[in-house]
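# Structural overview for review
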Amino acid sequence: MEIRSINAMRGPNYWSVRRHKLIVMVLDLQEMEELPSNKIEGFPERLKTMFPSMYSHRCSEGCEGGFFMRVDEGTWMGHVIEHIALEIQTLAGMDTGFGRTRGYGEEGVYNVVFSYMEESVGRYAAKAAVAICESLIKGEEYDLEEDIQRMRELREADRLGPSTGSIVAEAEARGIPWIRLNKYSLVQLGYGANQKRIQATVTSETSSIGVELACDKEDTKYLLEQAEVEVPRGDIIRRERSLEEACRYVGYPLVIKPIDGNHGRGITVDIQNYEDALQAFHHAKDSSRSGAIIVEKFIKGDDYRLLVINNKLVAAAIRTPAHVVGDGKSTVQELIDEVNKDPRRGYGHEKVLTQITVNELTKTIIKDAGYTLDSIIAEGEQLILKDTANLSTGGTAEDVTDIVHPANVSMAERISKIIDLDICGIDVMTTDITKPLSETGGAVLEVNAGPGFRMHLAPTSGLPRNVAAPVIDKLFPIKGDTGRIPIVAITGTNGKTTTSRLLAHIAKMNGYRVGYTTSDGVYIQNRLLMTGDCTGPSSAEFVLKDPTVNFAVLESARGGLLRAGLGFKKCDVGIVTNIAADHLGLKGINTIEQLAKVKGVIPETVLPDGYAILNADDDLVYEMRRTVDCNVALFSMDENNARVKALQRLNGITAVYENGYVTICRGEWKMRIMKAEHIPLTYGGKAKFMIQNVLAAILAAHVQGISIEDMKAALETFIPSASQTPGRLNLFKFSNFNILLDYAHNPAGMRALKAFTDELEATVKVGIIAGIGDRRVEDNNEMGKIAAQMFDEIIIRQDKRLRGKTEEELIKMLNDGIKAEAPDMKTKIIPSEREAIKHAVRNAVDGSLIVLSSDVVPDALDLVKQLKELDTKGELHLA
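First, a word on what this report is: a plain description of the structure on this page. In this text, all values refer to a predicted model and were calculated from it rather than measured experimentally.

Our next topic: the overall build of the protein chain. Within the protein chain one finds 30 helices and 38 strands. With the principal axes as the frame, the protein chain shows a C-alpha extent of 105 × 70 × 60 Å. When the 879 residues of the protein chain are sorted by exposure, 55% land in the buried category. Look at the contacts in the protein chain between residues 6 or more apart in sequence, and 67% of them connect residues 24 or more apart. Surface exposure of the protein chain reaches about 37,000 Å², of which carbon and sulfur atoms provide 47%. In the protein chain, which carries 104 positive and 123 negative side-chain charges, the distance between the mean positions of the two groups comes to 5 Å.

The subject of this paragraph is the sheet that holds strand β33 (residues 730-733). Ordered by their spatial adjacency, six strands build an open sheet running β33-β34-β38-β35-β36-β37, and the pairing between neighbours is mixed. Strand pairing shows two members of the sheet lacking a second neighbour, β33 and β37 (826-829), which therefore form its edges. The sheet shows a mean angle of 15° between the axes of neighbouring strands, direction not considered. Pairing analysis gives six bridges linking strand β34 (residues 737-742) to strand β38 (residues 848-853), with the strands arranged parallel. Bridge assignment links L741 to a residue of β38, and that residue is L852. The sheet strands contacting helix α26 (residues 747-757) are β34, β35 (765-769) and β38, and the helix crosses β34 at an angle near 155°. Set on the sheet, helix α29 (residues 833-842) makes contact with β34, β35, β36 (793-796), β37 and β38; between it and β38 the angle comes to about 170°.

Where helix α3 (residues 77-91) meets helix α4 (residues 119-138), the closest approach of the two axes is 8 Å, and the angle between their N-to-C directions is 125°. Taken together, the axes of α3 and α4 lie oblique to each other. Crossing angle aside, the handedness with which α3 passes α4 is right-handed. Across from M77, V80, I81, I84, A85, I88 and Q89 in α3, the residues of α4 making contact are V121, G122, A125, A128, A129, V130, I132, C133, L136 and I137. Residues of the contact of α3 with α4, tallied by class, amount to 15 nonpolar, two polar and no charged.

Turning our eyes to something else, we now look at the pairing of strand β3 (residues 99-103). By the bridge criterion, five bridges tie β3 to strand β4 (residues 109-115) in an arrangement that is antiparallel. Each residue of the ladder has a partner; that of T101, found in β4, is V112. In sequence, β3 turns back onto β4 through a hairpin of five residues, with G105 there showing a positive phi of about 110°.

A few words on the packing of helix α1 (residues 43-50) against α4. Where α1 contacts α4, the axes come no closer than 8 Å and their chain directions differ by 130°. If you check the angle between α1 and α4, you find them oblique. Judged by the twist between their axes, the crossing of α1 over α4 is right-handed. Taking contact as the criterion, the partners of F43, R46, L47 and M50 in α1 are, on α4, I132, C133, L136 and I137.

Attention now goes to unusual backbone geometry. Cis rather than trans, the peptide bond between Y252 and P253 has omega equal to -5°. Despite not being glycine, D270 has its phi angle at roughly 55°, a positive value. On the secondary structure map, D270 appears in strand β11 (residues 268-271). We note that Y683 has phi near 50°; this positive angle belongs to a residue other than glycine. Examined against the element boundaries, Y683 turns out to sit in the loop between β32 (669-675) and α24 (688-703). On the accessibility criterion, Y683 (18% relative accessible area) is buried.

Those residues of α1 that fall on the buried side of the exposure criterion are F43, P44 and L47. When α1 is viewed along its axis, its buried side chains cluster within an angular range of 100° and face the same direction. Contacts made by the buried residues of α1 are with α2 (66-73), α3 and α4.

This brings us to the sheet that holds strand β20 (residues 423-430). One open sheet accounts for five strands, arranged β19-β14-β13-β20-β21; its pairing is antiparallel. Each edge of the open sheet carries a strand with a single partner, namely β19 (396-399) and β21 (443-449). Taking each pair of neighbouring strands and ignoring which way they run, the sheet shows an average axis angle of 30°.

This brings us to a negative patch on the surface. A surface patch of like charges, here negative, comprises E218, D219, D235 and E245. Residue classification places D219 among the partly exposed residues on the basis of a relative accessible area of 36%.

On to a positive patch on the surface, then. Taken together, the side chains of R19, R100, R102 and K597 present a region of like positive charge at the surface. Since its relative accessible area comes to 46%, K597 is described here as partly exposed.

At 3.6 residues per turn, the α-helix brings residues three or four places apart onto the same side. Of all eight residues making up helix α16 (residues 468-475), seven are buried, and the element is well covered by its neighbours. Listing the buried residues of α16 in full gives A468, A469, P470, V471, I472, K474 and L475.

Tracing the backbone through its elements, the reader meets S416 in helix α13 (residues 406-419). Setting aside its immediate chain neighbours within four residues, S416 contacts V308, N311, L421 and C424.

Once that is clear, we can look at the packing of aromatic side chains. Per the counting criterion, the structure on display carries six aromatic pairs. A ring pair is formed by Y516 and Y523, whose centres lie 4.8 Å apart and whose planes are at 5°; its orientation type is stacked. Judged by its relative accessible area of 5%, Y516 is buried. For the pair F734 and F737, a centre-to-centre distance of 4.8 Å together with 15° between the ring planes defines the contact as stacked. The two residues F734 and F737 agree in class, both being buried. The ring of Y249 carries R233 above its face, with NZ or CZ at 4.2 Å from the centroid. The cationic tip of R672 hangs over the ring face of Y661; the distance from NZ or CZ to the ring centre is 4.4 Å.

Right, let's get into the nonpolar core. With 69 residues, the main nonpolar core has I613, V662, I698, M750 and I769 as its most contacted residues. The greatest single-element share of this core, amounting to 11 residues, is contributed by α24. Ignoring anything within four residues of it in the chain, the contact list for I769 reads M750, A787, F791, I794, I795, I796, R797, L814, I818 and S853. Counting 45 residues, the second largest nonpolar core, distinct from the first, contains Y14, A552, V621 and V628.

This paragraph deals with the environment of D824. Along the polypeptide, D824 turns up in the loop between α28 (807-821) and β37. Look at D824 and you get exposed, because its relative accessible area is 77%. Along the chain, D824 and A788 lie 36 residues apart, while their C-alpha atoms are 9.8 Å from each other.

For the rest of this paragraph, the subject is the pattern of salt bridges. On inspection of all chains with the given rule, the structure shows 42 salt bridges. A salt bridge links R319 to D303; its shortest N-O distance comes to 3.3 Å. In this pair, R319 is assigned in strand β14 (residues 312-320) and D303 in strand β13 (residues 302-309), connecting sequence segments 16 residues apart. On the accessibility criterion, R319 (8% relative accessible area) is buried. Given the relative accessible area of 17%, D303 is considered buried. By sharing partners, the salt bridges in this structure join K196, E205, D422 and K474 into a single network.

Okay, the side chain of T654 next. Counting through the fold element by element, T654 comes out in strand β30 (residues 653-658). Here T654 is in contact with L634, V644, L647, Q648, T663, I664, C665 and L699, once residues within four sequence places are set aside.

With that out of the way, let us pick up the pairing of strand β22 (residues 487-491). Across the five residues that make up β22, a large majority, five, are buried. Side chains I487, A489 and T491 of β22 all project onto a buried face; the interleaved residues V488 and I490 project onto the opposite face, where all are buried too. Relative to strand β26 (residues 551-555), β22 is paired through four bridges, and the arrangement is parallel. Bridged to I490 within β26 is E555. Direction of pairing for β22 relative to strand β27 (residues 571-576): parallel, over a ladder of four bridges. Residue I490 lies in a different strand from β27, and its bridge partner there is I575.

Criteria and cut-off values
- Residues numbered from 1 in each chain as written.
- Predicted model: local features only at pLDDT ≥ 70, side-chain atom pairs only at ≥ 80, totals over all residues.
- Heavy atoms only, no water.
- Helix = DSSP H or I, 4+ residues; strand = E, 2+ residues; numbered from the N terminus.
- Buried < 20%, exposed > 50% of the residue type's maximum accessible area, 1.4 Å probe, protein only.
- Contact = heavy atoms within 4.5 Å.
- Areas by Shrake-Rupley, 256 points an atom, 1.4 Å probe, with all protein chains shown as cover.
- Lys, Arg positive; Asp, Glu negative; His and termini not counted.
- Charge placed at Lys NZ, Arg CZ, Asp CG, Glu CD.
- Pairing = 2+ DSSP bridges.
- Axes fitted to C-alpha atoms, helices over the stretch in contact; angles between N-to-C directions.
- Parallel < 35°, antiparallel > 145°, perpendicular 65-115°, else oblique.
- Left-handed = near helix turned anticlockwise from the far one by under 90°.
- Nonpolar A, V, L, I, M, F, W, Y, C, P; charged D, E, K, R; others polar.
- Arc of directions from axis to C-beta.
- Patch = residues over 30% accessible without salt bridge, like charges linked within 9 Å, V, L, I, M, F, W, Y side chains within 5 Å.
- Salt bridge = Lys/Arg side-chain N within 4 Å of Asp/Glu carboxyl O.
- Phe/Tyr/Trp six-rings, centres within 6.5 Å; stacked < 30°, edge-to-face > 60°.
- Lys NZ or Arg CZ within 6 Å of the ring centre and 35° of its normal.
- Core = buried A, V, L, I, M, F, W, Y, C linked by side-chain atoms within 4.5 Å.

Pasting the structure below:
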């Protein structure tokens, strides 16, 4: 078995528009193609022995044990590996359930697709599943537990914590998109200029002064004392020599903790003598960044956490440190093991409760209580194992929100305003939370910025509280606000980049701050910030992260869709320009119908009240209307197109080319925008494929509420040039000849270019063409044939984008196509694009047209502009 590639889908994708988290593993099983599961001696039995829980896998049989039935009957190893990958994730506490195994287009090669919860775990599961399957085939032993534990560790390292995760889940439930900004807890909610941010439970609206105060326990305590809030008596020290005096001032019992500590680190409680205080001082020092240590009165009672969000108490819990209760028979270690058998306890944040681990601190606490791990404690006696009540160390929590005394509620809400925190956790020690602290002798111990939500979301007992909801309410106070910005996604075989640039220009002219992605780069407000092919999910996220952008236009190509899915889950408008044979035979996409399914992901992600804008002249594009859950708008170069007429009768929105005009229709009513020949992009109406791009762009602008006047102004100022449309019909007029530079890189693009050049007058037409290595032989042959129909002379160059093929192979493919169409065609081979251009220029005759079909636009553009400058100076002969 050979793993060719492992890709992780993170957004809507070819395999599923709704299931975003998918691993796609290309698995080469050619050597095993003749060995289905039932032909390998003992394989079904070994599989069932290792994974008895797989009996629950129904598979295509639709019943329990269905997968095992398939194994007994005989199924391919790719299918088995899919199920193993799903099962080992389930055993590690991540119950996903979606899987598919499909042919890749080569005999014995498969796409093994399965869902994941954490990408690192999914990738690990893919490799582990192959290794497990190989060991089962060979009948070798395999340590499954090692894989399970490793996947748990990966999940804990990579997953969002319970607090961040709950806020993200609440945002998702309300349709608010989110992006994780780092590998920790920094998350963006919403897009572009409308975004908010959270880092755990600190938000982009949290007061930095409030956070500073909460982190400085001395200042916090001082402010609360000044406000007549009950706080324990205490002192702040930095040196050991000050400890004894502080102990006398405060009086035993004591609590000693670092002033800048959090999550219970460095805290020692119920200190009864100076010797213990000295040990606690050094323990606190080890956990302190500043070196400042708090010595304060130990308040007896229970540990309560009051959670205040937006100055309202939303939850309260009583916390108990990790502990065991003796039975008079079991050792401390045995009691811990028994507690850890509770199915609610898991690794890290895996479950409601965390397993109790024994570390040096635990052993010290046990020793201080007069026991060891081997001691047997009396029946009913409680032994505390940790010095804090945090759930992350094995503690428990009980919800008490409904019984907090009104005076304590008022106090907590007042404290949140005193410290100036929108989200805060207030630690209170009291014997009875149903009574005011003034009556019980209780006190406020700490005010925490960024408090954990876990104890409130899933308390050990009592009512769970959705404490994430008030966070979202505060960040997005307007009902229905999702923090989105308008997103127009554009795909298709040809015309994507020009349509993207034109629509971005229209939106900019309407006052929007536009971010857009193209095959040339990423632009924020017309500034090029990233170069190269930027049509994948990372580039889309780059735009959506930018806090200055309030309108996004995202070109989305097949490569990114197949590699990682889309960089967004939903868009407002999805445009499909056309579908033609291109990139077939790559990444398992072997037919034009499969290619259409890839491109069809874009309209399928449009929001229900948005628009899928489809080319009514293209059968495969028009068919996409059947799979969308949104409005459909059509464009056509023929106003009498029956599909357009049918939608118009339903009062739908269309755009057509009629009587020389580009026109938007609402129902059958026409709104003429302007004559196509007056739109610079169309070269006087000669570039018909550009008219098609205009129709798609104005239709998108119209459904986004942009006025006809603004569209006209934008169309008149969008000039086909190296600056506005680099590599798309860039015509350079030299003194005695012209050069036309275009990105035409597939047969459909070349045919469109031919239709345009046929309209241009020239004494001689010279073509400079190249084959592309990741196209099929027949595609490069066809490019050669079309070139032979277009040009009087052809120069073949081949120094870029070999993509797995040799120069010689690609040149031969083009030459074969040229000779098949025009055996006597004058052809010259100059491998270097730079030298090919210079040769054509040096030998250009008066009135000739040189057409450069370039797939690496920036290099060619730079050279042509240099030559144009020399021509202007009369120095072209020096080139």
